[in-house]
Amino acid sequence: MSSSDQNPAPTPASGTAEPSPPPPGRPTAASSQVLDMGAQMVQSLKPVRQMKLHACSFALYSHDLRRQMEVHHFLSRLNQDVLQCAVYDSDKPSARLIGVEYIVSDTIFEGLPPEEQRLWHSHAYEVKAGLWTAVGVPEALQRSEMASLARTYGKFWCTWQVDRGDALPLGAPALMASPQAAEPGRARGDLVRARDERYGVDTSAEGLKAARVEMDEPEWINPNADYWRQHGKGFAVDVVPAEMKRHAPFP
C-alpha cells in the first residue's frame, strides 16, 4: 500500500471526488450507547478534554499539491512551544478523524535534524492570508495566538483520504503540506469561498488579510521546510515487507 495514489484506487487529480460514503457497518447498538453514557459519568477522558481550540484551514497532499482539503484542527497544548492536533474533515458530530498534526515553535524546529525538517511545513503564509482561523472567535481575541502561530512549523499525517472517496482509512498515511503564495501550492479558490461562506469568514483583501497585514512575520522561514518550494518534490510513504526482528534489544 502506498500514499502516492497508486493504491488502493485511482484518485481524482484535483480532489473533486464526491463526499466519501459512510463507513460500512451496523448501526450503533443500544448496549454500546448505554456503555458510552455510563463511561462519560465515571471516566475523566483527560487527554480529550485538553482540546481547547477549534481551528479551520486547508491542507495539500505533499506528493500532489492539486489535491486539497478543508481541515478542522482540535488543538491541545503540551506547552507554549508544542501543540498536538486531532484533525477532522468537518466539525459535525459525524466528522471523521483523518489525521494528526504536531506543531512546534521555530526555536524547537531549528533544533531538528535537516532530514527531519524536510517533513514539516511553515505556517506564516497560512496565517497571514487568513486561511487558518479559530472558528467563531473574534479576530481581536485570536490575534495574539495567530501572531505566535505564524512563527511555527507543522507536521501533518493524513490517515484517511476522504477526498478520494475512501469509506475507511486505506493505505499508508500521506504527508500533508500547507498552502503557500506560490504555484502549485496556492489554496483553491472554490474551497476557500465555500469555507468562508459557511462560517462567515472574510479572507479578502479587506478582511482577515487586511487585519493581519501588520502582523510581524518570522525573520526567516527555514528553507528545509516546505520542501517542494525548493526542490519541486514531495514525499510519499510506501509499505513494504521487512524482516521481523527476532530478538528484543538489550538492555
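Our structure's up above, just so we're on the same page.
Every value quoted in this text rests on a predicted model; they were computed, and no experiment measured them.

A. Highlighting the pattern of salt bridges. Taken as a whole, this structure holds twelve salt bridges when the rule is applied. Of the charged contacts in the structure, one is a salt bridge between Lys 155 and Glu 116, with a shortest N-O distance of 2.8 Å. Placement of Lys 155 in strand S7 (residues 152-158) and of Glu 116 in helix H3 (residues 114-117) is noted, with a sequence separation of 39 residues between them. Among the residues examined, Lys 155 registers a relative accessible area of 14% and is labelled buried. For Glu 183, the salt bridge goes to Arg 186, with nearest N and O atoms at 3.8 Å. Accessibility expressed as a relative area gives 58% for Glu 183, which makes it exposed.

B. Focus on helix H1 (residues 30-42). Counted at 1.5 Å a residue, the expected span for H1 with its 13 residues is 18 Å, and the 19 Å between its end C-alpha atoms agrees. Of all 13 residues making up H1, only one are buried, and the element is barely covered by its neighbours.

C. Region of interest: the side chain of Ser 57. Relative to the elements of secondary structure, Ser 57 occurs in strand S1 (residues 53-61). The exposure class of Ser 57 is buried, given its relative accessible area of 0%. A polar contact is formed between the side chain of Ser 57 and the side chain of Glu 126, at a distance of 2.4 Å. If near-sequence neighbours (up to four positions away) are discounted, Ser 57 is found in contact with Met 69, Glu 70, Val 71, Glu 126, Leu 131, Trp 132 and Arg 195.

Cut-offs used in this document
- Residues numbered from 1 in each chain as written.
- Predicted model: local features only at pLDDT ≥ 70, side-chain atom pairs only at ≥ 80, totals over all residues.
- Heavy atoms only, no water.
- Salt bridge = Lys/Arg side-chain N within 4 Å of Asp/Glu carboxyl O.
- Helix = DSSP H or I, 4+ residues; strand = E, 2+ residues; numbered from the N terminus.
- Buried < 20%, exposed > 50% of the residue type's maximum accessible area, 1.4 Å probe, protein only.
- Expected span 1.5 Å × (residues − 1).
- Polar contact = N/O pair within 3.5 Å; in protein donor to acceptor, adjacent residues only side chain to side chain.
- Contact = heavy atoms within 4.5 Å.

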